[in-house]
2 protein chains.
Amino acid sequence: MEFKVLATDGKARYGKLKGTHGETETPCFMPVGTLGAVKGVTWNEISEMGYSLVLSNVYHLYLRPGIEVIEKAGGLHRFVNWNGLILTDSGGFQVFSLGKLMKISEEGIYFKSHIDGSEHFFSPELVVELEEKMGVDIGMVLDECTPYPATYEYAKHSMERTVRWALRSIKARTTDKTAIFGIVQGGTYDDLRLKCVELLKGLPFEGFAIGGLSVGEPKEEMYRITKLVAPTLPEEKPRYLMGVGKPEDIIEAVEAGVDMFDCVIPTRNARNGTLFTSRGKVNIKSAKYKNDFSPLDPECDCYTCRNFTKAYLRHLYVSKEINSAILNTIHNLYFYNRLMKKMREAIKNGEFQEFKKEFFSKYLTF
Amino acid sequence: MEFKVLATDGKARYGKLKGTHGETETPCFMPVGTLGAVKGVTWNEISEMGYSLVLSNVYHLYLRPGIEVIEKAGGLHRFVNWNGLILTDSGGFQVFSLGKLMKISEEGIYFKSHIDGSEHFFSPELVVELEEKMGVDIGMVLDECTPYPATYEYAKHSMERTVRWALRSIKARTTDKTAIFGIVQGGTYDDLRLKCVELLKGLPFEGFAIGGLSVGEPKEEMYRITKLVAPTLPEEKPRYLMGVGKPEDIIEAVEAGVDMFDCVIPTRNARNGTLFTSRGKVNIKSAKYKNDFSPLDPECDCYTCRNFTKAYLRHLYVSKEINSAILNTIHNLYFYNRLMKKMREAIKNGEFQEFKKEFFSKYLTF
């Protein structure tokens, strides 16, 4: 994997990330394809929107269809037939969400499948092995995702284990075809976050992520930690803010120097009828759109906005048509990619502050 | 509306149907877009598959979003943004399926909405009015769909009312921009069917449909009535067999001289994981496809077959991914259109029997 920062504007960075399966400009947003498909859209549509890097999830693929199936298919790219870049999260976050179905030890995580209750075990070594077997471009290490709120003691303990697991992950690597990113934990404690960066930054990871945010903490905490941590990460490596977020969150994080993002918001909200537009969020089921024959976002030129009215989109949503999810997802993902593109342009032109001001002058976040 | 039979082979016909919004070759299959959307696929995809005529449903659109919304949008084509031909069924069949929520009188049908229980009334005149208001290319008359089994008396009474309603429908017309098709009823009674044709064939309808089949009768009855009725309908007008059917049913009906078809089978089965291939039906959820990395149908060049394996399609189905419905629907509708195309070619070349023999030599119908 190659990464180059090609321009900066304040702390914000414009760059290029290159892997075996293509390249992407950064800052970039990764559509979430947990199970090897971005819900509601075909790979054709993903490509046409301008995406060349998507995210998938080891935990989910491990349970279904099973990593051995993907290996037999010739790797994840061939199994799902996506010719762009793939980053996989370990699924640690998902495993931690299992609550009582999960138990952490120093060795790794014991968990029960959310599908059939069967018992499994993930270690840092196994996660790297599975990611290499699937041949993904970028794999995330297994980390211990600190919940919010957490006591200082808990967060410290959890951060330290994440660092020990990071070291084990590095040792487990057998190829550099799959780049591996380390993950910074430390909860909402500044000193723990900085300590974690200090311990990880010397390790031979191809990139670093900020984990454990967007887990229920106030937005101000998320912004504070991001702004604290991002600039301390190695300049020459990509920085990825995991699971974030809303357009306004992404803009703040790009300003702090983050390069990569993923979030289920654009796709999940699309299925729930919440659409992102240049004026803010639109709840398409609202009765006020019953006879509104204007496009969803006059500034958008996605397939949905070029072809359909709010009245039709509302009708599809209210009628529970599957096409509602399709058209809404096309729009939201297009909106997110356009947002990233605008930020990249702004950084290249040294106009990030102007972009931000202009964006928020129209986009209502309440 | 214009219709021309351009070639025949036995009773089978190849023709062209032209309307305000384009044309289609016949025999043709109409994808079902009940609510103004073909579930699981975009209009782009429908066009790319080669479809130029789709079916929608007055009853469903009347309840949601309401015909007045569609009228304000500038008609159904503009509301849904489909630039091809649209035929609407009255929804009589759907209303009859309401059972106790429905009451027929000579005047029309009183019914309660399946959505909110609100009370409504459809008359033959209203259905024509609504179809003209929506500006569809072809509207079906309101008929009384005879259930199966039905006594001779019931079927006779019901057929006679359908004829009286047909006359009222003709009188209600105010434009020829929307063509109106009459519907032949008469249950599984040969003399009633022939009597119905005799009473309807002189009326100024632009086409005729065979209704009341595929309502639970044995397949042999469906074939018998189709083969009896189709050849007695006016030669110069299109013949439409409503709600039929499976590939084998369509082939038999084309052989009998039917030009148009609609059915939820390709789209509904797609969502249920049943796929049509040149070798017969495939139940994609079967465990035997877990590691099957071959395409669904090696003879198919649809987006799904060109890009994905049975193992991936099974994974999407088993994981309940929305993309399963999308990819399966693309395949099944493509399969149906290809079937119609092959039949059209065969008729033009005077090789319909050869086509049929070849098809069934590979396609297993058990």
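Residues numbered from 1 in each chain as written. Chains lettered and ligands numbered in written order. Predicted model: local features only at pLDDT ≥ 70, side-chain atom pairs only at ≥ 80, totals over all residues. Heavy atoms only, no water.

- You'll find chain A entered in an unreviewed UniProt entry as Queuine tRNA-ribosyltransferase, with Desulfurobacterium thermolithotrophum given as the organism.
- Reading the Sequence similarities (unreviewed entry) entry of the UniProt record for chain A gives the comment "Belongs to the queuine tRNA-ribosyltransferase family."
- UniProt's Pathway (unreviewed entry) comment on chain A is quoted here verbatim: "tRNA modification; tRNA-queuosine biosynthesis." (UniProt positions renumbered as here; feature names shortened; annotations may be inferred.)

**A look at the sheet that holds strand β2 (residues 12–19) of chain A**
Residues and elements named next belong to chain A.
- An order of β1-β2-β3 is seen for the three strands of this open sheet, with the pairing classed as antiparallel. Where the open sheet ends on each side, the last strands, each with one partner, are β1 (2–9) and β3 (22–26). Recorded for the sheet is a direction-independent mean angle of 10° between the axes of neighbouring strands.
- Bridge count between β2 and β3: five bridges; the pairing is antiparallel. Counterpart to L17 in the pairing with β3 is T24. (Pairing = 2+ DSSP bridges. Helix = DSSP H or I, 4+ residues; strand = E, 2+ residues; numbered from the N terminus. Axes fitted to C-alpha atoms, helices over the stretch in contact; angles between N-to-C directions.)

**Notes on the relation of the copies chain A and chain B**
- Once chain A is rotated about the relating axis by 180° and shifted along it by 0.0 Å, it coincides with chain B to within an RMSD of 0.0 Å. In short, the pair behaves as if placed about a two-fold rotation axis. Minimal C-alpha separation from the rotation axis in chain A is found for I322 of chain A, amounting to 4.0 Å.
- The overlap is high: 100% of the interface residues of chain A also sit at the interface in chain B, so the same surface is used on both sides. (Least-squares fit on C-alpha atoms with pLDDT ≥ 70 in both. Contact = heavy atoms within 4.5 Å.)

**Overview of the interface of chain A and chain B**
- Each partner contributes residues to the interface: chain A has 39 residues there, and chain B has 39 residues.
- Approximately 3400 Å² of surface area, both sides summed, lies buried where chain A meets chain B, with 58% of it carried by carbon and sulfur atoms.
- Summed over the three residues of chain A that lose the most area to chain B, namely Y312, H315 and I322 of chain A, the buried surface amounts to 16% of that side.
- Linking chain A to chain B there are four salt bridges.
- Across the pair E321 of chain A and K39 of chain B runs a salt bridge whose closest N-O atoms are separated by 2.4 Å.
- Our enumeration of links across chain A and chain B arrives at 16 residue pairs in polar contact (both at pLDDT 80 or more).
- Among the elements of the structure, α1 (43–49), α3 (67–73), α4 (76–80), α12 (303–307), α13 (310–318) and α14 (322–348) of chain A are those that each provide at least two residues to the side of chain A that touches chain B.
- In the side of chain A that touches chain B, the residues fall into 22 nonpolar, ten polar and seven charged. (Buried area = accessible area lost by both parts, 1.4 Å probe. Salt bridge = Lys/Arg side-chain N within 4 Å of Asp/Glu carboxyl O. Polar contact = N/O pair within 3.5 Å; in protein donor to acceptor, adjacent residues only side chain to side chain. Nonpolar A, V, L, I, M, F, W, Y, C, P; charged D, E, K, R; others polar.)

**Things to note about the pattern of salt bridges**
- Within this structure, the stated rule accounts for 52 salt bridges over all chains.
- Here K348 of chain A and E345 of chain A are joined by a salt bridge, their closest N and O atoms 3.4 Å apart. With K348 of chain A and E345 of chain A both in helix α14, this residue pair falls three residues apart, about one helical turn.
- Relative accessible area serves as the criterion here: at 39%, E345 of chain A is assigned to the partly exposed category.
- With its nearest N and O atoms 3.3 Å apart, the salt bridge here joins D292 of chain B to K310 of chain B. With D292 of chain B in the loop between β16 (280–283) and α12 (303–307) and K310 of chain B in helix α13 (residues 310–318), the pair connects residues that are 18 residues apart, well separated along the chain. The same class applies to D292 of chain B as to K310 of chain B, namely buried.
- Members of the salt-bridge network, linked through shared partners, are E106, E144, R161 and R164 of chain A. (Buried < 20%, exposed > 50% of the residue type's maximum accessible area, 1.4 Å probe, protein only.)

**Description of the UniProt feature "domain: tRNA-guanine(15) transglycosylase-like" (unreviewed entry) in chain A**
- UniProt tags residues 11–363 of chain A as "domain: tRNA-guanine(15) transglycosylase-like" (unreviewed entry).
- For residues 11–363 of chain A, helix accounts for 43% and strand for 18%, while the C-alpha atoms at its two ends are 23 Å apart.

**Observations regarding the pairing of strand β2 (residues 12–19) of chain B**
All names here are of chain B.
- Bridge count for strand β1 (residues 2–9) against β2 is seven bridges, and the pairing is antiparallel. Along β2, the bridge assignment pairs K4 with K16.
- From the end of β1 to the start of β2, which pair antiparallel, there are two residues, and G10 there has a positive phi angle of about 65°.
- Between β2 and strand β3 (residues 22–26), which pair antiparallel one after the other, the connecting turn spans two residues.

**Focus on the domain arrangement of chain A**
All names here are of chain A.
- Each domain of chain A was delimited in the assignment, giving domain 1 (26–263) and domain 2 (265–355).
- Each of domain 1 and domain 2 has a C-alpha centre, and the two are 27 Å apart.
- Contacts between the two partners involve 23 residues from domain 1, matched on the other side by 21 residues from domain 2.
- Each partner contributes to the roughly 1900 Å² buried at the junction of domain 1 and domain 2, and carbon and sulfur atoms together form 73% of this total.
- Our enumeration of links across domain 1 and domain 2 arrives at zero salt bridges.
- Seen at the junction of domain 1 and domain 2, the total is seven residue pairs in polar contact (both at pLDDT 80 or more).
- For the side of domain 1 that touches domain 2, the element with the highest residue contribution is helix α10 (residues 247–255), accounting for five residues.
- Of the residues belonging to the side of domain 1 that touches domain 2, the class tally is 15 nonpolar, four polar and four charged. (Domains from an automatic or database assignment.)

**Section: helix α15 (residues 352–362) of chain B**
Residue and element names in this part refer to chain B.
- Along α15, the residues classified as buried are F352, F355, K356 and F359. Projected onto a plane normal to the axis of α15, the buried residues spread over an arc of 95° and lie on a single side. Relative to its buried face, α15 has exposed residues pointing more than 90 degrees away, namely K357 and S361. (Arc of directions from axis to C-beta.)

**Structural notes on the packing of α13 of chain B against helix α14 (residues 322–348) of chain B**
All names here are of chain B.
- At a closest axis distance of 7 Å, the pairing of α13 and α14 adopts a crossing angle of 135°. On the basis of the axis angle, α13 is oblique to α14. Here α13 and α14 pass one another in a crossing that is left-handed. Contacts from Y312, L313, L316 and Y317 in α13 reach N323, S324, L327 and N328 in α14. (Parallel < 35°, antiparallel > 145°, perpendicular 65-115°, else oblique. Left-handed = near helix turned anticlockwise from the far one by under 90°.)

**Quick look at the side chain of H60 of chain A**
- Positionally, H60 of chain A belongs in helix α2 (residues 58–63).
- Its relative accessible area of 17% is what places H60 of chain A among the buried residues.

**Digging into the nonpolar core**
- Judged by nonpolar contacts, the single largest core of 246 residues is most densely connected at W43, Y240 and M260 of chain A together with W43, Y240 and M260 of chain B.
- With residues up to four places along the chain from it excluded, the contact list for Y240 of chain B reads M30, L55, L87, M140, F181, F208, A209, I210, V258, M260, F261 and D262 of chain B. (Core = buried A, V, L, I, M, F, W, Y, C linked by side-chain atoms within 4.5 Å.)

**As for the UniProt feature "active site" (unreviewed entry) in chain A**
All names here are of chain A.
- Here the UniProt-annotated "active site" (unreviewed entry) positions come out as D89 and D262. A compact arrangement is adopted by the annotated residues: their sequence extent is 174 residues, whereas the largest C-alpha distance between any two is 10.1 Å.
- Here D89 shows up in strand β6 (residues 85–89).
- Classification of D89 by relative accessible area gives buried; the value is 10%.

**Concerning the sheet that holds strand β7 (residues 102–104) of chain A**
Residues and elements named next belong to chain A.
- Spatially, β7-β8-β9 is the arrangement adopted by the three strands of the open sheet, whose pairing is antiparallel. The open sheet has two free edges, formed respectively by β7 and β9 (119–122), since each of these has just one partner strand. Going across the sheet, the axis of each strand differs from the next one's by a mean of 15°, ignoring polarity.
- Pairing between strand β8 (residues 109–112) and β9: four bridges, direction antiparallel. Bridged to F111 within β9 is H120.

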